[in-house]
Amino acid sequence: MIGFIVKKFIGSKNEREVKRLRPMVDQINQLEAELQKLPDEALRQKTAAWKEELSKIEDHEELARRLNEILPEAFAVVKNACRRLSGQEITVRGHPLKWEMVPFDVQLIGGYGLHSGRIAEMATGEGKTLVATLPVYLNALTGRGVHVVTVNDYLAARDGEWMGAVYKFLGLTVGCILHDQTPNTRREQYNCDITYGTNAEYGFDYLRDNGMATRKEDQVQRGHYFAIVDEVDSILIDEARVPLIISGPSMQTQDEQYGQFKPQVESLFHTQERLCNRFLSEAEELIGKLHPPDGANVENREAVEREAGRLLYRVKMGQPTSQGLMKILEVPENVKLMNQAELRLHADQKKVELYAEKEELFFAIDEKSHEADLTEKGRNYLSPKDPDAFMLPDLTVALHEIDVGPETDPRKRVEAKAKLQSEYQAKAQKIHAISQILKAYCLYQKDVQYVVQDNKVIIVDENTGRLMTGRRWSDGLHQAVEAKEGVAIERETQTLATITIQNYFRLYQKLAGMTGTAETEAGEFFDIYKLGVLVIPTNKPIARKDANDSVYKTKREKYNAVLNEIKTIHGQGRPILVGTISVEVSEHLSRLLKREGIVHSVLNAKYHEQEAEIVARAGQRGGVTIATNMAGRGTDIKLGPGVADIGGLHVIGTERHEARRIDRQLRGRCARQGDPGSSHFFIGLEDDLMRLFGSDRIVKYMERMGLEENQELEHPLLNRSIEQAQKRVEQHNFQIRKRTLEYDDVMNKQREVIYGFRNEIIHAADVRDRLMDIMEEVVIQKVEQFTTAEEDRNDWNIRALTEWLNLNFPLGMPDEEISKAADSGTETPVPGSIYDGLTPAQFAVCNFISTKVKEAYELKVSFENPEALKEVERYTILSAIDKLWQEHLYEMDSLRHSIGLRAHGQRDPLIEYKAEAFKIFEELMVNIKTEICHNIFRSASSLMAFENFLRNAPQKTTYTAPSAFGGSTAGADPNGVPKASDVVSEAAAAVERAKPVRSGPKVGRNDPCPCQSGRKYKHCCGK
Ligand SMILES: Nc1ncnc2c1ncn2[C@@H]1O[C@H](COP(=O)(O)OP(=O)(O)OP(=O)(O)O)[C@@H](O)[C@H]1O
Ligand SMILES: [Mg+2]
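Residues numbered from 1 in each chain as written. Chains lettered and ligands numbered in written order. Predicted model: local features only at pLDDT ≥ 70, side-chain atom pairs only at ≥ 80, totals over all residues. Heavy atoms only, no water.

## Thoughts on the overall build of the protein chain
Item 1. When you go through the protein chain residue by residue, the secondary structure sums to 37 helices and 23 strands.
Item 2. For the protein chain, the residues scored as buried account for 53% of the 1023 residues in total.
Item 3. Long-range contacts, defined here as pairs at least 24 residues apart, represent 74% of the contacts in the protein chain between residues at least 6 apart.
Item 4. On the protein chain, roughly 46,300 Å² of surface is accessible, and the fraction owed to carbon and sulfur atoms is 51%. (Helix = DSSP H or I, 4+ residues; strand = E, 2+ residues; numbered from the N terminus. Buried < 20%, exposed > 50% of the residue type's maximum accessible area, 1.4 Å probe, protein only. Contact = heavy atoms within 4.5 Å. Areas by Shrake-Rupley, 256 points an atom, 1.4 Å probe, with all protein chains shown as cover.)

## Focus: the site of ligand 1
Item 1. Around ligand 1 sit 21 residues, and of these V102, G125, T129, D636 and K638 come closest.
Item 2. In the environment of ligand 1, an oxygen atom lies 2.9 Å from a nitrogen or oxygen atom belonging to the side chain of K128.
Item 3. Between ligand 1 and R672, the relevant distance is 3.1 Å, taken from an oxygen atom to a side-chain nitrogen or oxygen of the residue.
Item 4. About the coverage of ligand 1: the protein hides 90% of its 640 Å² of free accessible area.
Item 5. Sorting elements by how many residues they give to the shell around ligand 1 places helix 6 (residues 128–140) first, with 3 residues.
Item 6. Its residues assigned to classes, the shell around ligand 1 shows 7 nonpolar, 7 polar and 7 charged. (Near = heavy atom within 4 Å. Polar contact = N/O pair within 3.5 Å; in protein donor to acceptor, adjacent residues only side chain to side chain. Nonpolar A, V, L, I, M, F, W, Y, C, P; charged D, E, K, R; others polar.)

## Regarding helix 19 (residues 477–485)
Item 1. Across the 9 residues that make up helix 19, a large majority, 8, are buried.
Item 2. Check the buried side of helix 19 and you find it contacts helix 11 (256–290), helix 18 (410–442), strand 11 (450–453) and strand 12 (456–460).
Item 3. In the segment just after helix 19, G486 is the residue with positive phi, at about 70°.

## Topic: the sheet that holds strand 15 (residues 510–515)
Item 1. Overall, parallel pairing links the 7 strands, which are arranged 5-6-4-7-15-3-16 in an open sheet. Looking at the sheet topology across the chains shown, the edges are occupied by strand 5 (174–176) and strand 16 (533–535). Each adjacent strand pair in this sheet contributes to an overall mean axis angle of 20°, direction not counted.
Item 2. Strand direction decides the pairing type here: strand 4 (residues 146–150) and strand 7 (residues 226–230), joined by 4 bridges, are parallel. Bridged to V148 within strand 7 is I228.
Item 3. On the sheet, helix 6 packs against strand 4, strand 6 (194–198), strand 7 and strand 15 and is oriented at approximately 175° with respect to strand 7. (Pairing = 2+ DSSP bridges. Axes fitted to C-alpha atoms, helices over the stretch in contact; angles between N-to-C directions.)

## Notes on the nonpolar core
Item 1. With 103 residues, the main nonpolar core has L236, F505 and M775 as its most contacted residues.
Item 2. A total of 12 residues in this core trace back to one element, the largest contributor, which is helix 33 (residues 866–902).
Item 3. Discounting chain neighbours no more than four positions away, the residues touching M775 are F809, V853, Y857, C933, I936 and F937.
Item 4. In terms of nonpolar packing, the next biggest core, distinct from the first, is built from 64 residues, L108, Y112, L138 and V166 among them. (Core = buried A, V, L, I, M, F, W, Y, C linked by side-chain atoms within 4.5 Å.)

## Observations regarding the pattern of salt bridges
Item 1. Throughout the structure, instances matching the rule amount to 58 salt bridges.
Item 2. One salt bridge in this structure joins E342 and K316, with 3.7 Å as the shortest N-O distance. Taken as a pair, E342 in helix 14 (residues 332–347) and K316 in helix 12 (residues 301–318) lie far apart in primary sequence, 26 residues in all.
Item 3. The partner of D745 in a salt bridge is R506, with the nearest N and O atoms 3.2 Å apart. A residue pair is termed long-range when its members are at least 10 positions apart, and D745 in helix 28 (residues 716–763) and R506 in the loop between helix 20 (501–505) and strand 15 qualify at 239 residues.
Item 4. With a relative accessible area of 36%, R506 lands in the partly exposed category.
Item 5. Beyond isolated ion pairs, a larger network of salt bridges with shared partners links E53, E62, R65, R66 and E69. (Salt bridge = Lys/Arg side-chain N within 4 Å of Asp/Glu carboxyl O.)

## Considering the environment of A543
Item 1. Along the chain, the position of A543 falls in strand 17 (residues 543–546).
Item 2. Classification of A543 by relative accessible area gives partly exposed; the value is 37%.
Item 3. With 132 residues separating them in the primary sequence, A543 and D675 have C-alpha atoms 6.4 Å apart.
Item 4. Beyond its immediate chain neighbours, meaning those up to four positions away, A543 contacts G674, D675, P676 and G677.

## Some points on the pairing of strand 9 (residues 363–366)
Item 1. As judged from the 4 bridges shared by strand 9 and strand 10 (residues 371–374), these two strands associate in the antiparallel manner. Bridge pairing links D366 to E371 in strand 10.

## What about the packing of helix 22 (residues 555–571) against helix 23 (residues 583–595)?
Item 1. The contact between helix 22 and helix 23 brings their axes to 11 Å, and the two run at 55°. Overall, the two elements helix 22 and helix 23 adopt an arrangement that is oblique. Considering only the axes of helix 22 and helix 23, their crossing is right-handed. Counted together, Y559, V562, L563 and I566 of helix 22 and V585, H588, L589, L592 and L593 of helix 23 form the full contact between these two elements.
Item 2. Taken together, the residues of the contact of helix 22 with helix 23 break down into 8 nonpolar, 1 polar and no charged. (Parallel < 35°, antiparallel > 145°, perpendicular 65-115°, else oblique. Left-handed = near helix turned anticlockwise from the far one by under 90°.)

## Digging into the side chain of T47
Item 1. Take T47: it is sitting in helix 3 (residues 40–55).
Item 2. For T47, a relative accessible area of 2% corresponds to the buried category.
Item 3. Polar contacts involving the side chain of T47 include one to the side chain of Y137, which spans 2.8 Å.
Item 4. If we skip the residues at most four places from it in the chain, T47 touches Y137, L141, L170, G171 and L172.

## Examining the sheet that holds strand 11
Item 1. Strand order in this open sheet of 3 strands is 11-12-13, and the pairing throughout is antiparallel. The outermost strands of the open sheet, each flanked by one partner alone, are strand 11 and strand 13 (467–468).
Item 2. Both strand 11 and strand 12 contribute to a ladder of 4 bridges, which runs antiparallel. Within strand 12, the position partnered with V452 by the bridge is V457.
Item 3. With respect to the sheet, helix 19 is in contact with strand 11 and strand 12, its orientation differing from that of strand 12 by roughly 125°.

## Here we look at the packing of helix 4 (residues 60–85) against helix 7 (residues 153–169)
Item 1. In the contact formed by helix 4 and helix 7, the axes pass within 9 Å of each other and the chain directions differ by 110°. By the angle between their axes, helix 4 is roughly perpendicular relative to helix 7. Residues V78, A81, C82, R84 and L85 of helix 4 touch helix 7, and the partners they reach there are A165, V166 and F169.
Item 2. Class assignment for the residues of the contact of helix 4 with helix 7 results in 7 nonpolar, no polar and 1 charged.

## Re the packing of aromatic side chains
Item 1. The full count for this structure, using the stated rule, is 14 aromatic pairs.
Item 2. Directly above the ring of Y441 sits K484, whose terminal nitrogen or CZ lies 5.7 Å from the centroid.
Item 3. Positioned over the ring face of Y743 is R896, at 4.1 Å from the centre of the ring. (Phe/Tyr/Trp six-rings, centres within 6.5 Å; stacked < 30°, edge-to-face > 60°. Lys NZ or Arg CZ within 6 Å of the ring centre and 35° of its normal.)

## As for the pairing of strand 1 (residues 89–92)
Item 1. Side-chain alternation along strand 1 places I90 and V92 on a buried face and E89 and T91 on a face that remains uncovered.
Item 2. Here 4 bridges tie strand 1 to strand 2 (residues 95–98), and the two strands are oriented antiparallel to one another. Counterpart to E89 in the pairing with strand 2 is K98.
Item 3. Remark: 2 residues form the turn of the hairpin made by strand 1 and strand 2, two consecutive strands paired antiparallel; R93 in that turn has positive phi of roughly 50°.

## Topic: a negative patch on the surface
Item 1. Together, E359, E376, D386 and D388 line one region of the surface with negative charge.
Item 2. Structurally, the position occupied by D386 is in the loop between helix 16 (376–382) and helix 17 (395–404).
Item 3. Overall, D386 belongs to the partly exposed group, its relative accessible area being 40%. (Patch = residues over 30% accessible without salt bridge, like charges linked within 9 Å, V, L, I, M, F, W, Y side chains within 5 Å. Lys, Arg positive; Asp, Glu negative; His and termini not counted. Charge placed at Lys NZ, Arg CZ, Asp CG, Glu CD.)

## Some points on unusual backbone geometry
Both trends apply: most residues other than glycine have a negative phi, and most peptide bonds are in trans.
Item 1. At R93, a position not held by glycine, the phi torsion is positive, near 50°.
Item 2. With respect to the helices, strands and loops of the structure, R93 is situated in the loop between strand 1 and strand 2.
Item 3. The phi dihedral of Q673 is positive, around 50°, even though this residue is not glycine.
Item 4. Relative to the elements of secondary structure, Q673 occurs in the loop between helix 25 (660–667) and strand 23 (676–684).
Item 5. Residue Q673 is classed as partly exposed on the basis of its relative accessible area, which comes to 28%.

## A few points about the state of the cysteines
Item 1. A full pass over the atoms with the stated rule returns 0 disulfides.
Item 2. For C192, which is in no disulfide, the shortest distance to another cysteine sulfur is to C176 and amounts to 9.9 Å. (Disulfide = S-S within 2.5 Å.)

## Observations regarding the confidence of the model for the protein chain
Item 1. Summarising the model, the protein chain shows a mean pLDDT of 83, and 87% of its residues fall at 70 or more.
Item 2. Low pLDDT, under 50, characterises residues 955–1002; the predicted model gives this stretch 99 contacts beyond four residues in sequence or across chains. (pLDDT = per-residue confidence, 0-100.)

## Focus on the side chain of S678
Item 1. Mapped onto the secondary structure, S678 falls in strand 23.
Item 2. A polar atom in the side chain of S678 sits 2.6 Å from the side chain of R574.
Item 3. Residues contacting S678, with those up to four places away along its chain left out, are R544, K545, R574, L649, H650, V651 and C670.

Quick look at the structure:
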């Protein structure tokens, strides 16, 4: 009831808003009528005049205000351009297409919704592609670049060419980012007034520009002003579950563990399978007792029921995908027994019985949360001699025990702690690997979640059925599945750069979206992206007839019913579109149809272009098309001649999707633009949605109706229960996405700092000053570390300080000089300066060292080619940032993982994560600066310059041990000086970088480096 009132309220608020926009629509139409009198050239003149005017406005608010002012006229100009184009033939994706669109009034309203930074919900087929041109034109006049985001390359190219007709007519430039373009081409596309492309291309370009490019000439994007996201739900919600990652092979891995534990875990899995089969037959026997053949009274009925339910639930925990269990659960009464057992076990606060139940198994799998846990029995099985080998100790307690233990030597205590920590980590990794392999066996089915092709495990996208070649499950899961399938276990990869889709799109000053289905996710859009939803009425009333859902006990019965319906409707000559949620189901249905001799097409969202063409023809008489739900999305289905008279396109859903919006999307494929059409969903109690989230109510209802074989059930009430189940999953998934984002927010702030730092270095004409500042900061930090504010100099560790200095700078600094400098100190640092807080003695030491370092650097400069040195300096800073940042990403990954393991206690893992992340980030910043100091004297722009410098550097450096260049450097000669040629070739290559190369999201050791240096990854950033 409350929901109804709220809906009513929102509904009417939306309606009021739409109504409020009426006068604006009238004004646009009036202006457009006047424009009709102008010659083409005069129309184009408007674009030029506005561009000229708007390019001068810098202030955001001023610009926004002015755009609102010219909106009616600009929209009128676009509408008028469409009118002038009408009847003309344009070429889209190689096919001729007659332009016959002039925006309807509702489309003008949609355009306004987008301009105002909202999501315009417009039903499928309402012409959103055209709607976008209105705000795109208006905002592109600012010259700041407008990005239109599509779900695949094909649509980006199609829409860029199709709508390009309008933009070009009006004198704007249009570009399109495609997967295989070179950086130069990309830059040209971004420099256009308007750019079309997919979210992945935009995101990866951002990562390459900010995380990898080392020169501004290598950057391709030019800012993030305004993005309009088409199919916004698909991109900002479905795709947003997986962050964009550019990765290369990892330096540290535990890959061998997966192969090593596989045989043990496999045998554990089979042992559990046998165990569960035993439980199942016990359960079957008990269930038999409940139905005595003579109909006699059952003794102890309740106890027998309880026991049977308990056994069924135990199997559900032990082997959730068991065929035998599915079979038993085809009888609704048995589902009820099991659900009651589950409720009973979870009702107990302490869950004593639940744990006892788990202990009957070797491991317990939670299908909902995707977790696998070894029980004591399982640990004994895997390691009979030492069951604790797979048991994590409580680290906090154990560490505390060392503190209060008999050991008093603080050094030994630290050692003991470190040992404990490393043992803990090793154990945690082992347990993790085992749990991942268990999941691979229990939850990941071949040909459903993944396929095996060419000795590789390829993920199948659960929403679209698309094969996601190149994408890998993280956290070792992919290796686990590879181990299970016996294919080569690929090296774990390391993240070189990453961003979530959410955080990428938050970069835009203004964001808008369009889709046929946003309303059900309005809460999430607002929470995460601050996007409101404006529901736009359709141009003509929707004539679609939606049948009630039909529910069946088993999949077999369900598919039979689907087949019968296809036969009937096909017999009438009406075209049919059958939607499935997986490739497997598509193929199964296709086999059934073949057997019946029904000609049909199958689409799996693998080949966007061909599929779009097939889908476009799905409205022809007698056509039958089976498609996973992403296949052909965004492609218009036009009805063939005469099809409207016999009822239009019929859409069949073979399962309800987890999210309501995906179902609505499927329904919307028919009855476009006021056409007739109908839809019908078929559901089985065995469908995942029903199994995992369906409520008892449905089962009860089915029992009451006493459902027979092949009998179906349909009732509006049932639709509601199913919708309830979907809402539960939507909520659940939203929570997961939100949580992920909370974690990513931490990374996001760090990324902003690092990318900001990188960009400052890339864009500065000269980084020498910055370099000197960094050296000064590091010197201060080291002086603070090795000296104290006390007068008494005995506490100063001058030896350590000079060792550090001599290790990093070619100074040959003796201890006495430091003491002398300290003695001379009289001045107190200026408050607020970076020296603030130092004593006069410390201040004097800092100044003394900094001066010496600067002198040494000036000496180096004098032997260098100034232009080349500039690049060397830039490169030195960037490579230090990149190397340590990538290590940091790895560390953050492990941190996230270990926090997950620690989450058992009372502490909120997110808070702990934030605290630790902050700490390691602070360390990172210090380490980067130290690394820069360490490297700067070791790089030179040419061999000669380097040798000249070495010869003239203070003599002591060449024989001080440790040397000025660090004794342990690889490639160093026995005296501790690196071979000049090594250093030089590294630096020279930085100067010489030229050839742009194509880079993909995943980089192999032998692939070209994604930083576009032209060298192999292993010789460049991957060193
Ligand atoms: N103003 C118009 N006048 C005539 N036809 C139009 C108009 N606007 C759009 N159309 C036609 O409507 C069809 C659907 O357009 P489009 O593909 O842009 O819809 P959509 O809203 O993006 O649908 P989907 O949700 O499936 O992506 C196209 O064939 C297009 O030519
Ligand atoms: Mg579209």
